[in-house]
Amino acid sequence: TMAEQDVCLHLDSIGEVTKEDLLQKSKVKEILSYIVSDLQNDCPYVGCGESYSDHSTLHAQAKKHNLTVNLTTFRIWCYVCEREVFLEHRPALETSPQTVGHPLKAVPIAVAEEEGSESEEDELKPRGLTGMKNIGNSCYMNAALQALSNCPPLTQFFLDCGGLVRTDKKPALCKSYQKLISELWHKKRPSYVVPTSLSHGIKLVNPMFRGYAQQDTQEFLRCLMDQLHEELKEPLSECSVGYDGSDGEDRRDGDRSPSEDEFLSCDSGSSSDRGEGGGVGDSELLIQDECDGIRSPLLLSARKKKQSHYRSVISDIFDGSILSLVQCLTCDRVSTTVETFQDLSLPIPGKEDLAKLHSSIHQNLPVKTGVCPDTYGSQGWISYIMDSIRFVVSCIPSWFWGPMVTLEDCLAAFFAADELKGDNMYSCERCKKRVLILCIHLKRFRHEVMYSFKISSHVSFPLEGLDMRPFLAKESPSQVTTYDLLSVICHHGTAGSGHYIAYCQNVINGQWYEFDDQYVTEVHETVVQNAEAYVLFYRKSSEEAVRERQKVVALANMKEPSLLQFYISREWLNKFNTFAEPGPISNHTFLCQHGGIPPNKYHYIDDLVVIVPQNVWEYLYNSFGGGPAVNHLYMCAICQVEIEALAKRRKTEIDTFIKLNKEFQAEEAPTVILCISMQWFREWESFVKGKDNEPPGPIDNSKIGVMKGGHIQLKQGADYGQISEETWQYLLGIYGGGPEIAVRQTVAPADPDTLHGERKIEAETRAL
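The model shown is predicted, which means the values in this text are computed figures rather than measured ones. (Residues numbered from 1 in each chain as written. Predicted model: local features only at pLDDT ≥ 70, side-chain atom pairs only at ≥ 80, totals over all residues. Heavy atoms only, no water.)

(A) Looking closely at the packing of aromatic side chains. Taken as a whole and assessed by the stated rule, the structure comprises 19 aromatic pairs. With centroids separated by 5.8 Å and ring planes inclined at 90°, the aromatic side chains of Phe209 and Phe220 adopt a geometry described as edge-to-face. In this pair, Phe209 is assigned in the loop between α7 (196-205) and α8 (217-232) and Phe220 in helix α8, connecting sequence segments 11 residues apart. Side by side, Phe209 and Phe220 carry an identical accessibility label, which is buried. Plain terms: the ring middles of Trp572 and Phe624 are 5.6 Å apart, the flat faces sit at 70° to each other, and that makes the pair edge-to-face. Highlighted residues: Trp572 in helix α17 (residues 570-578) and Phe624 in helix α19 (residues 614-624), separated in sequence by 52 residues. (Phe/Tyr/Trp six-rings, centres within 6.5 Å; stacked < 30°, edge-to-face > 60°. Helix = DSSP H or I, 4+ residues; strand = E, 2+ residues; numbered from the N terminus. Buried < 20%, exposed > 50% of the residue type's maximum accessible area, 1.4 Å probe, protein only.)

Structural data, given as structure tokens:
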């Protein structure tokens, strides 16, 4: 689609043109590969487009008929204005009635401080209908970005909470993504944008995406969202964790890219290992509540440093948790494992699997295939054709196409209980907490040693009303259990090649659009339902949330005189605007544990808060709880003292280490050389250099030592550094830990091959 400029003055000359008129003219499409038709009243001309003999331009010059339509894409071009024009403001394409329930900026108070607020008419104009140029087999990236762009909670965060997009981590991908979203959703949108900056950034993060080979869109999504989380994550204070009623830690410390070789298993894009030593079969999917957004993997080692709790807008929106249950069939003992996920990788069950599922308890799962009204609006002719195709397909025996599979079948296969072979155990999964946006990945690709292939089975999926109740654990606190489709990414072609496109519902007018690189075309929902889905994004839906927003809008518009004004978190207000269940008010995103503004946030506090009148605050507080109430903003003096003390501690430790290590380097024949784990040393180094706010835990040399003859000796190939006894005693006095592992000079020189990983701290000293 082209930029929304002034309406083309030449539209009036064509009268009322219906899709039936265009369809009648398009019957000659088979003659030429690229043809256009004149739109002038009573002109039957159909001719070649500019990619052929360009008779259409000659006709326009001779007859002064300025408007033509491409009969392949039904896009309209004006030769005088030299740009694409739209019929979207004409009666045939009026804004959908769904607009009232889906405004991108649902609550005006979220942007009350913005200058040049938009009129109601501007609010209803479609936005986000901007294509992306293919920059070399980049359709996998373009389709993924368009799907994410049409996830309102994430997009509104980058549009309305831009001041929160701050990072000192390279390559600052969040900045590139913010710029891209601003371009895609600008009211004077261009025809397409070129995502060069983001493409460059993702290639720096992951070498897999370098070059111009076709890549997997799901792997790109995981890489992008992991990096956005890393750049935007913030530690949660204890007060903030308390409000959420749960705790956890950053889940993206582990490897989160399960192999497609396991495509028949029920895995997901998660970080922690499932259980110990064996497979976990029965698990309950804990889809995480929107109100906490905290990651909760298990604590692996008590000797680690105190774990920080992290969250970001990515974790708030996309993260959930899976509760895996394994029961021994002999002693009935049940073990549980909780792991965080960002997307669910679902198997596509075959004929035999479907028979088992349908004969079990899962046969009662609701199967909804979306809403197809009897009357088709402006694109009824497309629906008529698609329905005809579906009727013909339904007449073909099922053995030709394979079994009919629904998305509910795939979910049931994922959550189905299994008896673990050889372990005499029984396992299953359920959802305990639910995400705001549920990303579902259908495992269509299988990669063997010598070849790859694609599962092309059609999986029907609902456009709205996906009910997750059958898959929720009974402990799930959420009252909202249904999801509506936001976008779907499709893959056309075979494994290792092909082409990606995305179908997305515009949040402003409720219409569906096809995003095919730089081309954006409106489509009927029937087209979406018949797509070969690969990745789907579902959003938790709640009519109650819409009514709450309308009440707050009414209160804000009353403009009652107020003696008190309250500050509320801009980020939480964005949740209120876009989340089905925003959870309690969380003003701790801009407050420290002492109730003031942290010194590092004070200079941009205006980006973190919104001022609301007393009646709005009281309604929100009574409805959602949380807090605390804030009437006055001030920089915290206690935090300032702590920051200065921390800086002094860091300087003391690093200066002392450098001094002791220089003395060690000057010794020609030290009597004792002690070893220190480089893993712990790197954590300490990050702390004293200011890269990590949390000091490391006790020294942990357990991974570099091995017990032999009752004594701890250095493990062959260990990752360690050499320090003096004085340096060891200094660090041990501050942090404690151990064990002490010595390398004595009397030991015969080891073979060079055994020195893998051994290093002195000299290089580290130079770096410091």
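(B) View of the packing of helix α20 (residues 637-666) against helix α22 (residues 725-735). Interaxial distance between α20 and α22 falls to 9 Å at its minimum, and their mutual angle equals 160°. In terms of axis orientation, α20 runs roughly antiparallel to α22. Note that α20 runs across α22; the crossing there is left-handed. Residues Arg649, Thr652, Glu653, Thr656, Phe657, Leu660 and Asn661 of α20 lie in contact with α22, whose contacting residues are Glu726, Thr727, Tyr730, Ile734 and Tyr735. Split into classes, the residues belonging to the contact of α20 with α22 amount to five nonpolar, four polar and three charged. (Axes fitted to C-alpha atoms, helices over the stretch in contact; angles between N-to-C directions. Parallel < 35°, antiparallel > 145°, perpendicular 65-115°, else oblique. Left-handed = near helix turned anticlockwise from the far one by under 90°. Contact = heavy atoms within 4.5 Å. Nonpolar A, V, L, I, M, F, W, Y, C, P; charged D, E, K, R; others polar.)

(C) Broad picture of helix α14 (residues 407-415). Of all nine residues that make up α14, nine are buried, and the element is covered over most of its length. Within α14, the full set of buried residues consists of Leu407, Glu408, Asp409, Cys410, Leu411, Ala412, Ala413, Phe414 and Phe415.

(D) Seen up close, the nonpolar core. Of all hydrophobic cores here, the largest spans 67 residues; its most connected members are Phe220, Ile489, Phe537 and Phe590. By residue number, the principal contributor to this core is helix α4 (residues 139-149), which donates eight residues. Discounting chain neighbours no more than four positions away, the residues touching Phe220 are Tyr140, Met141, Ala144, Leu145, Leu198, Ile202 and Phe209. In this structure, Leu354, Val405, Leu411 and Tyr483 belong to the second largest nonpolar core, which totals 41 residues. (Core = buried A, V, L, I, M, F, W, Y, C linked by side-chain atoms within 4.5 Å.)

(E) A look at unusual backbone geometry. For the bond from Lys170 to Pro171, the omega torsion is 5°, close enough to zero to count as cis. One can find Pro171 in the loop between α5 (152-160) and α6 (173-184). We note that Lys64 has phi near 60°; this positive angle belongs to a residue other than glycine. As for its placement among the helices and strands, Lys64 is situated in the loop between α2 (55-63) and β3 (67-70). Here Asn137, not a glycine, exhibits a phi torsion of approximately 55°, which is positive. Turning to its location among the elements, Asn137 is positioned in the loop between β6 (131-132) and α4.

(F) Local environment of the side chain of Gln218. Within the element layout of this structure, Gln218 appears in helix α8. With a relative accessible area of 1%, Gln218 lands in the buried category. Contacts of Gln218, omitting those with residues within four sequence positions, involve Asp343, His441, Tyr534 and Val535.

(G) Quick look at a negative patch on the surface. On the surface, Glu667, Glu725, Glu726 and Glu740 cluster together into a patch of negative charge. As for its placement among the helices and strands, Glu740 is situated in the loop between β36 (737-738) and β37 (742-744). Overall, Glu740 belongs to the partly exposed group, its relative accessible area being 46%. (Patch = residues over 30% accessible without salt bridge, like charges linked within 9 Å, V, L, I, M, F, W, Y side chains within 5 Å. Areas by Shrake-Rupley, 256 points an atom, 1.4 Å probe, with all protein chains shown as cover. Salt bridge = Lys/Arg side-chain N within 4 Å of Asp/Glu carboxyl O. Lys, Arg positive; Asp, Glu negative; His and termini not counted. Charge placed at Lys NZ, Arg CZ, Asp CG, Glu CD.)

(H) Examining the environment of Asn142 more closely. For Asn142, the position within the fold is in helix α4. If we ignore the near neighbours within four places in the chain, the residues touching Asn142 are Met132, Lys133, Asn134, Pro195 and Asp517.

(I) Up close: the packing of α20 against helix α21 (residues 678-688). Closest axis-to-axis distance for the α20/α21 pair is 9 Å, and the angle between their directions is 130°. With respect to each other, α20 and α21 are oriented oblique. Where α20 approaches α21, its residues Leu646, Arg649, Arg650, Glu653, Ile654 and Phe657 are matched on the opposing element by Phe681, Trp684, Phe687 and Val688. Here the residues of the contact of α20 with α21 sort into seven nonpolar, no polar and three charged.

(J) Inspection of the pattern of salt bridges at higher detail. Counting across every chain of the model gives 18 salt bridges. Ionic pairing is found between Arg222 and Asp343, a salt bridge with its closest N-O pair at 2.7 Å. With Arg222 in helix α8 and Asp343 in strand β13 (residues 334-346), this residue pair connects regions lying 121 residues apart in the sequence. Between Glu234 and Lys601 there is a salt bridge, with the nearest N and O atoms lying 3.4 Å from each other. Pair noted here: Glu234 is in strand β8 (residues 234-235) and Lys601 is in helix α18 (residues 599-602), with a separation of 367 residues, a long-range link. By relative accessible area, Lys601 is classed as buried at 11%. Salt bridges sharing common partners tie together Arg311, Asp316, Glu571 and Lys575.

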